[in-house]
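Commentary on secondary and tertiary structure
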Amino acid sequence: MKDLKKICRIAVVQAAPVMFDKAACTDKAVGLIREAGKQGAELIVFPELFVPGYPYGMTYGFTVGSRTADGRKDWKDYYDNSLLVPGPETEALARAAKAAHAYVSIGVSERDPLSATLYNSNLIFSPEGTLLTVHRKLKPTGAERVVWGDADRGYFPVADTPWGPMASLICWESYMPLARTALYQKGVTLYLSPNTNDNEEWQATIRHIAIEGHCYFINCDLYFTRDMYPKDLRCPEEIGRLKDVVCRGGSCVVDPYGHYVTEPVWDREEIIYADLDMEKVPASRMEFDACGHYARPDVLELTVRE
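Residues numbered from 1 in each chain as written. Predicted model: local features only at pLDDT ≥ 70, side-chain atom pairs only at ≥ 80, totals over all residues. Heavy atoms only, no water.

**A short note on the nonpolar core**
Ile44, Phe46, Phe50, Ile106, Phe224 and Tyr229 are the most contacted members of the largest nonpolar core, which totals 50 residues. Secondary structure elements with two or more residues in this core: β1 (7–14), α1 (22–38), α2 (69–80), α3 (88–100), β3 (103–111), β4 (118–125) and β11 (245–247). By size, the runner-up hydrophobic cluster in this structure holds 23 residues, among which are Cys8, Val45, Ile272 and Ala274. (Core = buried A, V, L, I, M, F, W, Y, C linked by side-chain atoms within 4.5 Å. Buried < 20%, exposed > 50% of the residue type's maximum accessible area, 1.4 Å probe, protein only. Helix = DSSP H or I, 4+ residues; strand = E, 2+ residues; numbered from the N terminus.)

Here you go:
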């Protein structure tokens, strides 16, 4: 392992998107990046689909064998508010990263420039304002598959940072053991998890992954409420069935030993700051290094087709 910069000052942004409005979401993200940068953050992490928001509870009129006209219109509105990468919104985010002189990770709904397919993607920008990586979610979860397609590229991109290799898996991708191993094989020290997962079981999962990979696990979740949905959606019954607080958050940071660096934050927007001691990463691998001395490549082998 290469020498690591000893401390990483991180900002985990648990925030509510301006639902289904890519311009307003981008503006809010730029403001939050500026705020975190003023606090000295060197790495700023946003949740899954911060731009333009996660359409929790919406079916878009899909049932087996049929669709509805109103659902198609709602989907088209979401499509229109998804981002071209690169595009005007990514340029604004890149400028914000450069102004803050920080790495920025942010989840977006990506619109393919050639087809009409959407992808649940995570972008990482450098402190120089360069778009370093675009990771598309390998397999959208459950009914997400009627909104976003399977990744066709950007399977396991890694950003080289002063604190070691950094990469993301989006939400339930982290339940895919081989996907996790693909990151471990690349030596990740910072494992970013943009997600929309506020259940208790998830907290057990993230602590396990931090120990398994002996890396810092950055858990960044959305917070949003039912009254944040646009009033002109064509599915008022679906929205009306949602809880007042649709996603409670739970963002936190876990160290390579599985201990909370910051406790989960619930039921509010907050920027969570922490100074990560990166020397803990190699130290924690003394007795267990999943793809190093604890591996048995003569018995077990993972082939990743990138």
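**Considering unusual backbone geometry**
In this chain, Val51 is followed by Pro52 through a cis amide linkage whose omega measures 5°. On the secondary structure map, Pro52 appears in the loop between β2 (43–45) and α2. In this model, Val85 is joined to Pro86 through a cis peptide bond whose omega is 5°. Mapping Pro86 onto the fold places it in the loop between α2 and α3. Phi at Cys171 is positive, roughly 50°, even though this residue is not glycine.

**Examining the pattern of salt bridges**
Going through the model one piece at a time under the given rule, you end up with 22 salt bridges. Salt-bridge contacts for Arg153 lead to Asp152; the nearest nitrogen and oxygen are separated by 3.4 Å. Residue classification places Asp152 among the partly exposed residues on the basis of a relative accessible area of 35%. One salt bridge connects Lys186 with Glu306, and the closest N-O pair in it is separated by 2.9 Å. With a gap of 120 residues between them, Lys186 in the loop between α4 (177–185) and β8 (190–195) and Glu306 in the segment after α7 (280–284) connect regions that are remote in the sequence. Of the residues examined, Glu306 reaches a relative accessible area of 58% and is grouped as exposed. Connected via shared salt-bridge partners are Glu110, Asp112, Arg136, Asp152 and Arg153. (Salt bridge = Lys/Arg side-chain N within 4 Å of Asp/Glu carboxyl O.)

Functional significance is not addressed by these values, which are geometric in nature.
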